[in-house]
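Inside the fold
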Amino acid sequence: MRVHQYPLKTGISRTPEFEKKGLATHAVNVGTKCGHGCLYCSTGAVLRMHPSFCACGENPFAFDYAIVDPNTPDRVAQDAARIQERGLVQVCTLTDAWAPEAQEHQLGRRCLEAILCQPGWTVRILTKNGAVAGDFDLIERYRDRVLVGLRLTGTPDEEEILKVIEPYASPIRERMVALCEAHARGLRTYGMLCPFLPGIADDPEQIDELVRFACECGAEEIFAEAVNRRGRGLILVQEALAEHGYHPQAQAIATIRNRVRWSRYIVDVINRVQHSVRQFHDIGKLRFLLYPGDLTPEDLVRVRKDDAGVVWLGKKQITE
Ligand code: SF4
């Protein structure tokens, strides 16, 4: 893993997109390339024009490297003190403050300290790394102002397959242990279930298991999202699975690269998640993030018939 350092300019920024999702009003990011290396990560596409890639001599769509700014907490501290209109900050939205290269500089902990020492801010942590548990002592001091979330991308029985797709993130069991510990220590938690990869995490029993687990960990809300069809993420996932001998799973990914099948897959996942949340939690706590633009007209009608828990996003936002 090559690790580059690059000085960024932003500390805390507004995030209208995450505000629409109900996740956060503000964002903090500790770099431009996350070392967890998830093959479906969309950050490379979002930040493809960012000068850090050229300066570091890297391709934004490639892997096996990270770009981090160790001075991020200094800018975050300045912004946390300067910004008058305070709100909910997500750490992070495009990278992961507990990824290995960020852990080297304790960026997660230092960003939390920088934000929380100022009144009026709350923080949503989103990570795929169990190392966040090392900062629970700090979070305990601000327990009412921090929401802890570990992204769950599958059940523990799929851990080996997920290692192929998310090579440097914590194994699912470690993420689960960290979320359990957060709840046991009386911290506020939420569920983040995505991307429900077909053939790996979209089976009704697997979805039940993940939803039930989030409930047992005291999740105040359960966010869910299906995999994004755009970009090269699905192709990379398919190729890596095939290369490691997971041919049925690779074929399941190949299937949803077709728009009509992807649309049907989304409808099925929404129905399964709604069913699980109704069974184990409260449908009013579900936030299924959905960009309807890629759904077929027929599937759009299907979802609209029962869109409990669906957060409609994008240009074709449905407002009725
Ligand atoms: S943890 Fe998130 S930001 Fe990091 S590589 Fe994976 S998807 Fe991208």
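Preceding block: the structure.
Residues numbered from 1 in each chain as written. Predicted model: local features only at pLDDT ≥ 70, side-chain atom pairs only at ≥ 80, totals over all residues.

Time to look at the pairing of strand S8 (residues 146-152). Counting buried residues along S8, seven of its seven residues qualify, which places the element largely inside the surrounding structure. Neither face of S8 is exposed, since Val146, Val148, Leu150 and Leu152 on one face and Leu147, Gly149 and Arg151 on the opposite face are all buried. Note that strand S7 (residues 122-127) and S8 share five bridges and pair parallel. The residue of S8 that forms the bridge with Val123 is Val146. Following the backbone out of S7, through helix H7 (residues 136-141) and into the adjacent parallel S8, one traces a crossover that is right-handed. In the sheet, S8 pairs with strand S9 (residues 188-193) via four bridges, with the strands oriented parallel. Counted as the bridge partner of Val148 is Thr189 from S9. (Buried ≥ 20, exposed ≤ 12 C-beta atoms within 10 Å, placed from the backbone. Helix = DSSP H or I, 4+ residues; strand = E, 2+ residues; numbered from the N terminus. Pairing = 2+ DSSP bridges. Right-handed = clockwise from strand over helix to strand, strands pointing away.)

This next bit is on the site of the ligand. Cys34, His36, Gly37, Cys38, Cys41, Thr43, Thr95, Asp96, Ala99, Lys128 and Ala169 make up every residue found near the ligand. Considered class by class, the residues forming the shell around the ligand number five nonpolar, four polar and two charged. (Near = placed C-beta within 6 Å. Nonpolar A, V, L, I, M, F, W, Y, C, P; charged D, E, K, R; others polar.)

Once that is clear, we can look at the environment of Leu39. Within the secondary structure, Leu39 sits in the loop between strand S4 (31-33) and helix H2 (43-46). Distance from Leu39 to Phe61, taken between C-alpha atoms, is 9.6 Å for residues 22 residues apart in sequence. Discounting residues that sit within four places of it in the chain, Leu39 has contacts with Ile165, Gly233, Leu236, Val237 and Ala240. (Contact = placed C-beta atoms within 7 Å.)

Formed by 88 residues in total, the largest nonpolar core has its most connected members in Val89, Val91, Cys111, Ile115, Ile222 and Val273. Among the elements that take part in this core, helix H13 (residues 259-280) stands out by supplying seven residues, more than any other. (Core = buried A, V, L, I, M, F, W, Y, C linked by C-beta atoms within 7 Å.)

Overall, mixed pairing links the three strands, which are arranged S1-S5-S4 in an open sheet. At either margin of the open sheet sits one strand with a lone partner, and together these are strand S1 (2-5) and S4. Neighbour to neighbour, the strand axes of the sheet diverge by 20° on average, direction disregarded. Two elements, S4 and strand S5 (residues 65-68), share two bridges in a ladder whose sense is antiparallel. Note that in S5 the partner of Lys33 across the bridge is Ile67. (Axes fitted to C-alpha atoms, helices over the stretch in contact; angles between N-to-C directions.)

An ideal rise of 1.5 Å per residue puts 18 Å on 13 residues; helix H10 (residues 204-216) measures up with 18 Å between its terminal C-alpha atoms. Where H10 is buried, its residues meet S8, S9, strand S10 (219-224) and H13. Two residues or fewer past H10, Gly218 is found with a positive phi of approximately 75°. (Expected span 1.5 Å × (residues − 1).)

Next up on the list: the pairing of strand S11 (residues 286-290). With burial as the criterion, only one face of S11 is covered, namely that bearing Leu286, Phe288 and Leu290; the residues Arg287 and Leu289 on the opposite face remain uncovered. Relative to S11, S10 runs parallel, the two being bridged by three bridges. Bridging from a neighbouring strand, Phe223 pairs with Arg287 of S11. For S11 and strand S12 (residues 310-312), the ladder comprises three bridges, and the chain directions are parallel. Bridge assignment links Leu290 to a residue of S12, and that residue is Trp312. At this point the chain moves from S11, through helix H14 (residues 297-305), to the parallel S12, and the crossover so formed is right-handed.

Here the focus is the packing of H10 against H13. Viewed as axis vectors pointing N to C, H10 and H13 meet at an angle of 40°, and their least axial separation amounts to 9 Å. As far as their axial angle goes, H13 and H10 are oblique. Considering the relative orientation of H10 and H13, their crossing is right-handed. On H13, the residues touching Pro204, Ile207, Asp208, Val211, Arg212 and Cys215 of H10 are Arg272, Val273, Ser276, Val277 and Phe280. The residue inventory of the contact of H10 with H13, partitioned by class, reads seven nonpolar, one polar and three charged. (Parallel < 35°, antiparallel > 145°, perpendicular 65-115°, else oblique. Left-handed = near helix turned anticlockwise from the far one by under 90°.)

Quick look at the sheet that holds S11 now. What the nine strands build is an open sheet, ordered S2-S3-S6-S7-S8-S9-S10-S11-S12; its pairing is mixed. Strands with a single pairing partner mark the edges of an open sheet, and in this sheet they are strand S2 (13-14) and S12. Two strands pair when backbone bridges link them, and S9 and S10 are joined in this way by four bridges, in the parallel orientation. Residue pairing in the sheet places Leu193 in a bridge with Ala224 of S10.

Before going further, it helps to spend a moment on helix H4 (residues 72-82). Within the sequence span of H4, burial applies to Thr72, Pro73, Val76 and Ala80. The buried residues of H4 occupy an angular sector of 85° when projected down its axis, which confines them to one face. Opposite its buried face, H4 presents the exposed residues Ala81 and Arg82, each directed more than 90 degrees away. Looking at the buried residues of H4, the elements they touch are strand S3 (26-28) and helix H6 (107-116). (Arc of directions from axis to C-beta.)

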